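Letter by letter, the chains look like this.
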Amino acid sequence: MNIPIRQYWNLLVNYLRAQRGRVFLLGLLLLSTIGLQLVSPQLVGEFVDEAQTGGAMNTLLTLALLYIGIALVQQVAAIGTAYLSENVGWTATNALRADLARHSLRLDMSFHNTHTPGEMIERIDGDVTMLATFFSQFVLVVLSNLLLIVGVLVLLFGEDWRLGMAMTLFVVAALALLHRTRNLAAPHWAAGREASADLSGFVEERFAGIDDIRSNGATAYKMNLLHALSRKLLLRYRKAWLMGEVGTVSAQLMFGLALAVGLGVGAYLFYRGVFTTGTVLMVSIYAGYIARPLGRLTEQVQELQKAGGSIERLRELQEVQSAIVDGPAPLVLSGAPSVEFEGVSFEYNAGEPVLEEVSIRLERGKVLGLLGRTGSGKTTTTRLLFRLYDPTAGIIRLDGTDIRTVRLADLRRQIGVVTQDVQLFRATVRDNLTFFDPTIRDERILEAFAALGLSAWYESLPQGLDTSLAAGGGGLSAGEAQLLAFTRIFLKDPHLVIMDEASSRLDPATENLIERAVDRLLAGRTAIIIAHRLGTVQRADEIVILDSGRIVEHGPREQLAADPTARFYHLLRVGLEEVLA
């Protein structure tokens, strides 16, 4: 993996541009500490020479106080630098997290079907966290340490050109070594991050299905898989760490060599009578100053290698483009729209059709009952209407407008979906109903409860709308979760409603409670109902029956119900639940 420097630079510029003021202040603090570091050895050398030659006590005291004052200022600057660098780093990484999360949410479902939530969390949080030091310190630390090295070399040349030349040759060789090891561990860190994502995805999926794992006695099998993934993570990170330690060993070697070179040349010039004792001490301190920046640069090279693996994985994610392209035109519906499927075909996997040549025309304000066995393509049909996927052939229209030509936000704002699997969040009842939209007032929520006949249920909540729900709706029955889903649709007030087996999880008492609310929800709206229950499908004006992705029957409900040759007539006689299960 040989990541171009420009890729690192572009990432830095993009996410530090908004913080240019803090970055500039951080740069000033680092430059001030460099200047103070360069002055300190001069004071030490002068102090030693003055002491050896019997200098005045006032002079020695002044030099000592100056040295202490500079040390205190350096500490204050170090605290300010640490604070600002952390602030800059985490602000930048949070902005990057938000951009990645926004990008991932815009990707089509075909992408999310092949990437687990645990893997995405590891990408958006884990990989980005690895970049915190890169954002906060990398450029400034590298530049400041390079400037410190240059400053030291200039001062050493001022003392003696032979000393300056010797240290310059050493620094050039050390920087060349650092450059050669820059990408040594990057591919191994990237492999480690990939293994971490695999482990996170595995754990997330298994905890989500913990009831099934326990009930089927698969705990030991899953634990063996966990051990295998954990071992893979260990081996990859161990190799990455070992490769990264090449830089650490190099830094320790350079530290020793720098001191040896500085002391060796200083001793030679001392015996030649060129240097005083204080100058030799000053040279040894400067030699350490060269070694320490080289050590810091080595640390940054290690951080760069870690960042390189994460940057490459994040770049891959950012380059993924959604197969669903947002349309340019607004969608404005004055009321319940007409819905038209014209020759629509679709397949999740190439060569495996799910829908074939489906053509449906639903007039404004009408209700379509969509029936078929499991796997016949019912839910897929509604997903296409919502543009979670695009058809592989054919056109879908709302009020005569191809839905691929309109903005996704407008389209999805006009469609309300109620499914049997209700997603609830670890938040209050209010936030779960409004999807965290603070503009929806409590009065509207209470009106929706009243319309649904849920006022009594609402009054039973211990803290009303402020009642907290656990993630996934823990503490609520399936029926109560379904009632919340219906309330969401009331608050959204869409022109087109899709009910995907929305009452299949309700107990009879809860289903009776919601019957009146469903009638009100469908009033004045176009609706598509996927149903297994006879009571729900009786609301339909038209019926479509799917079988293996094809329409096998389509017509007015009353006409089909009265036709002994119709499939729907047969379903009504034997019961939808038995035939369509």
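Focus: the overall build of the chain
When its secondary structure is counted, the chain shows 22 helices and 12 strands. When burial is assessed residue by residue, the chain has 47% of its 581 residues classed as buried. Across the chain, every contact between residues at least 6 apart in sequence was considered, and the portion connecting residues at least 24 apart equals 78%. Within the structure as shown, the chain displays about 28300 Å² of accessible surface, and the carbon and sulfur contribution to it stands at 58%.

Here's the deal with the sheet that holds strand β4 (residues 393–398)
Read across the sheet, four strands follow the order β2-β1-β4-β5 without closing on themselves; strand pairing throughout is antiparallel. In this open sheet, the two edge strands, each paired with only one partner strand, are β2 (352–362) and β5 (401–402). Bridge count between β4 and β5: two bridges; the pairing is antiparallel. Looking across to β5, one finds that L398 is bridged to T401.

Observations concerning the side chain of R488
When you line up the elements, R488 lands in helix α17 (residues 478–492). Buried within the structure, R488 lacks any salt-bridge partner; its nearest side chain of opposite charge belongs to D431, at an N-O separation of 10 Å. Separated by 2.9 Å, the side chain of R488 and the backbone oxygen of Q423 make a polar contact. In this view, R488 contacts V422, Q423, L424, F425, N432, L433 and F435; residues no more than four positions away in its chain are not counted.

Brief notes about the nonpolar core
In terms of nonpolar packing, the biggest core is built from 45 residues, with L484, L522, I543 and F568 touching the most fellow members. The leading source of residues in this core is α17, at eight residues. When sequence neighbours within four positions are dropped, the list of residues in contact with I543 reads L368, G369, L371, V537, E553, H554, G555, R557, L560 and F568. Judged by nonpolar contacts, the second largest core, of 29 residues, contains V344, L370, I403 and L496.

Some details on the pattern of salt bridges
In this structure the tally under the stated criterion is 18 salt bridges. When the shortest N-O distance is used, the salt bridge between R397 and E342 registers 2.5 Å. With R397 in strand β4 and E342 in strand β1 (residues 339–349), this pair connects stretches of sequence that are 55 residues apart. With relative accessibility at 18%, the residue R397 sits in the buried group. Look at E342 and you get partly exposed, because its relative accessible area is 38%. D402 is the salt-bridge partner of R404, the closest N and O atoms lying 3.5 Å from each other. Note on D402: relative accessible area 18%, which makes it buried.

Comments concerning unusual backbone geometry
With phi around 50 degrees, E357 is a residue other than glycine that occupies positive phi space. With respect to the secondary-structure elements, E357 resides in strand β2. Assessed through its relative accessible area of 54%, E357 is described here as exposed.

Thoughts on the environment of Y268
With respect to the helices and strands, the residue Y268 is situated in helix α10 (residues 219–271). Taking the C-alpha atoms as reference, Y268 lies 9.8 Å from V280; in sequence the two are 12 residues apart.

Comments concerning the packing of helix α2 (residues 20–52) against helix α3 (residues 57–106)
Following both chains from N to C, one finds α2 and α3 inclined at 160 degrees, their axes separated by 8 Å at the closest point. In terms of their interaxial angle, α2 and α3 are classed as roughly antiparallel. The interaxial crossing formed by α2 with α3 has left-handed handedness. Along the lines of polarity and charge, the residues of the contact of α2 with α3 split into 21 nonpolar, 11 polar and three charged.

Remarks on the sheet that holds strand β10 (residues 526–530)
Whether parallel or antiparallel, the strands of a sheet pair through hydrogen bonds between backbone atoms. The strand order across the open sheet formed by six strands is β6-β9-β10-β3-β11-β12, and the pairing between neighbours is mixed. Every other strand in the sheet has two partners, leaving β6 (415–419) and β12 (550–556) as the edge strands with one partner each. The mean inter-strand angle of the sheet, taken between neighbouring strand axes irrespective of direction, is 15 degrees. Bridging between strand β3 (residues 367–372) and β10 involves four bridges; their strand directions are parallel.

Section: the confidence of the model for the chain
On average, residues of the chain score 79 in pLDDT, and 84% of them reach the 70 mark or higher. Looking across the chain, the model is least confident in helix α22 (residues 576–580), with a mean pLDDT of 50, and most confident in β4, with 94.

Conventions we followed
- Residue numbering note: each chain is counted from 1, following its sequence as written.
- Under the rules for a predicted model, residues below a pLDDT of 70 receive no local features and side-chain atom pairs below 80 are neither given nor counted, while totals for whole chains, interfaces and linings still include all residues.
- In computing side-chain values, all of the structure's heavy atoms are included and hydrogens and water are not.
- For the purposes of this entry, the term helix denotes a DSSP run of H or I that reaches at least four residues, the term strand denotes a run of E that reaches at least two, and both are numbered from the N terminus.
- The buried label applies to any residue whose accessible area, calculated with a 1.4 Å probe on protein chains only, is under 20% of its type's maximum; exposed applies above 50%, and partly exposed to all values in between.
- Two residues qualify as a contact provided that any one of their heavy atoms is within 4.5 Å of a heavy atom in the partner residue.
- Per-residue accessibility takes into account occlusion by the displayed protein chains alone, with areas from the Shrake-Rupley method and a 1.4 Å probe.
- If DSSP finds at least two bridges between two strands, the strands pair.
- Charge convention: Lys and Arg are scored as positive, Asp and Glu as negative, and His as well as the terminal groups of each chain are ignored.
- Basic side-chain nitrogens of Lys or Arg form a salt bridge, by our definition, when they fall within 4 Å of a carboxyl oxygen of Asp or Glu.
- Residues adjacent in sequence count toward polar contacts only when both atoms are side-chain atoms; beyond that, a polar contact is any pair of N or O atoms within 3.5 Å, and within protein one must be able to donate a hydrogen and the other to accept it.
- We define the nonpolar core as a collection of buried residues of types Ala, Val, Leu, Ile, Met, Phe, Trp, Tyr and Cys that are connected through side-chain atoms lying within 4.5 Å of one another.
- Between the N-to-C directions of two axes lies an angle of 0 to 180 degrees, each axis being a line fitted to C-alpha atoms and, for a helix, fitted only over the stretch in contact.
- Oblique is the label for any angle not covered by the other classes, which are roughly parallel (under 35 degrees), roughly antiparallel (over 145) and roughly perpendicular (65 to 115).
- Each crossing gets its handedness from the near helix: less than a right angle anticlockwise from the far helix is left-handed, clockwise is right-handed.
- Think of it as three bins: nonpolar holds Ala, Val, Leu, Ile, Met, Phe, Trp, Tyr, Cys and Pro, charged holds Asp, Glu, Lys and Arg, and polar takes everything else, Gly as well.
- Each residue carries a pLDDT value, the predictor's own confidence for that position, ranging from 0 to 100.

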